[in-house]
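Reading the structure
Read off the chains here:
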Amino acid sequence: MGKLVIVGTIAFDAIETPFGKTDKILGGAATFIGLSASTFEVDATAVSIVGDDFPQAYLDLLSNRNINLDGVEIVKGGKTFFWSGRYHNDMNSRDTLVTELNTLANFNPVVPENYKDAEVVMLGNLHPLVQASVLDQMTTKPKLVILDTMNFWMDSALEDLHNTIKRVDVITINDEEARQLTGEYSLVVAARKIHDMGPKYVVIKKGEHGALLFHNDEVFYAPALPLEEVFDPTGAGDTFAGGFAGYIAKTGDTSFENMKKAVIYGSTLASFCVEKFGTERMLNLSSAEIHKRLLQFKELTQFEIELQ
Ligand code: AMP
């Protein structure tokens, strides 16, 4: 079983969409990544921090899915990271209403001893110095390091972000963020510029328009499954990343061909995440449902054409 280190937030989220609104519910990048990656047979650990206001029942939801929590620090008297967002009517864009770092402001990640030789490291969206610190702790060079980030860190820690990006193999980023990071409108040109920053593979996520995987001059495109119900896109990007990382950790194959499959798994898992608020759908997902949706994906994208 491949070992996977996941670093990211374990959080409270409060979400508003055109369909409804939640109070503080379970969220965070590491949560979504972990739930998605744990649909594969992998030995995953989550490295994160919460306050003692965080319900044990939420942590149990993760450990019940075989996600090791030895690297989750619980700060006595501390408050858990809180994020709140409101989606626009198109559900593809959102405004952040609140980001309260709380315990995250003093987060020194500690990778459990037993995972310092993990094959795959998934650096979830966090301060780039925290992401770098996780890499510094690995005693064996991982086969693949994947980094996810967002505009928040481009605005507040750009130089550190560049230094961390240099050290990773794959970056997953959404289209607007790729444009912000490179100053290029064309995503093809943006991907090339990101290659030049370090990562050999660049995944650009385009929400309901799917995801692009770039490797030098090769490009692969996976659409998003057209869904009847998109209820809450929160965590879709992290769920995609978790599926991608989980599949690579399970197979141990970092070839471009296998990464294409990882993109398909990531897209499939993300298509479930958006169907309910927060983590609800990911917590009630069977392997039969995943299999059925992979078949739908295949049908959606395959065609035969006779060319003269
Ligand atoms: P996504 O929809 O995939 O971009 O991820 C949403 C998740 O990211 C939410 O569950 C939030 O708790 C978490 N999140 C939001 N802002 C930040 C931030 N600045 N740093 C780390 N995690 C964040």
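Position numbers for residues count from 1 along each chain, tracking the sequence in the order it is written. Only residues with pLDDT of 70 or above have their local features reported here, since the model is predicted, and side-chain atom pairs are shown and tallied only from 80 upward, although totals for entire chains, interfaces and linings are computed over all residues. Side-chain numbers come from the whole structure's heavy atoms, not from hydrogens or water.

Quick notes on the environment of D13
- Only DSSP runs of H or I with at least four residues qualify as helices, and only runs of E with at least two residues qualify as strands; both kinds are numbered from the N terminus onward. For D13, the position within the fold is in strand 2 (residues 11-17).
- Measuring from C-alpha to C-alpha, the distance between D13 and V98 comes to 9.5 Å, with 85 residues separating the pair along the chain.

Here we look at the site of the ligand
- Put simply, a residue is near a molecule or strand once any heavy atom of it comes within 4 Å of that molecule or strand. For the ligand, the set of nearby residues contains 19 residues, the closest of which are D13, G28, R94, G235 and D238.
- For this analysis, a polar contact is any N or O atom pair within 3.5 Å, provided that within protein one partner can donate a hydrogen and the other can accept it, and provided that sequence-adjacent residues contribute only side-chain to side-chain pairs. T9 places a side-chain nitrogen or oxygen 3.2 Å from a nitrogen atom of the ligand.
- Within the backbone of G235, a nitrogen or oxygen atom sits 2.7 Å from an oxygen atom of the ligand.
- The nonpolar class holds Ala, Val, Leu, Ile, Met, Phe, Trp, Tyr, Cys and Pro. Asp, Glu, Lys and Arg form the charged class, and all remaining residues, Gly among them, are polar. Class assignment for the residues of the shell around the ligand results in nine nonpolar, seven polar and three charged.

Thoughts on the UniProt feature "domain: Carbohydrate kinase PfkB" (unreviewed entry) in the protein chain
- Sequence positions flagged by UniProt for "domain: Carbohydrate kinase PfkB" (unreviewed entry) are, in local numbering, residues 5-281.
- Split by type, residues 5-281 is 35% helix and 26% strand. Its first and last C-alpha atoms lie 23 Å apart. UniProt positions are given in the numbering used here, feature names are shortened, and annotations may be inferred rather than shown by experiment.

Topic: the packing of helix 3 (residues 128-137) against helix 5 (residues 158-165)
- With axes taken as lines fitted to C-alpha atoms, and helix axes fitted only over the stretch in contact, angles between N-to-C directions fall between 0 and 180 degrees. Where helix 3 contacts helix 5, the axes come no closer than 8 Å and their chain directions differ by 30°. Judged on the interaxial angle alone, helix 5 and helix 3 are roughly parallel. Handedness of the crossing formed by helix 3 with helix 5: left-handed. Residues P128, L129, Q131 and A132 of helix 3 form the contact with helix 5, whose participating residues are D160, L161 and T164.
- Taken together, the residues of the contact of helix 3 with helix 5 sort by class into four nonpolar, two polar and one charged. Just so you know how the angles are binned, under 35 degrees is roughly parallel, over 145 roughly antiparallel, 65 to 115 roughly perpendicular, and the rest oblique. Two helices crossing with the near one rotated counterclockwise from the far one by less than a right angle form a left-handed crossing, whereas a clockwise rotation gives a right-handed crossing. Contacts between residues were defined by any pair of non-hydrogen atoms, one from each residue, lying within 4.5 Å.

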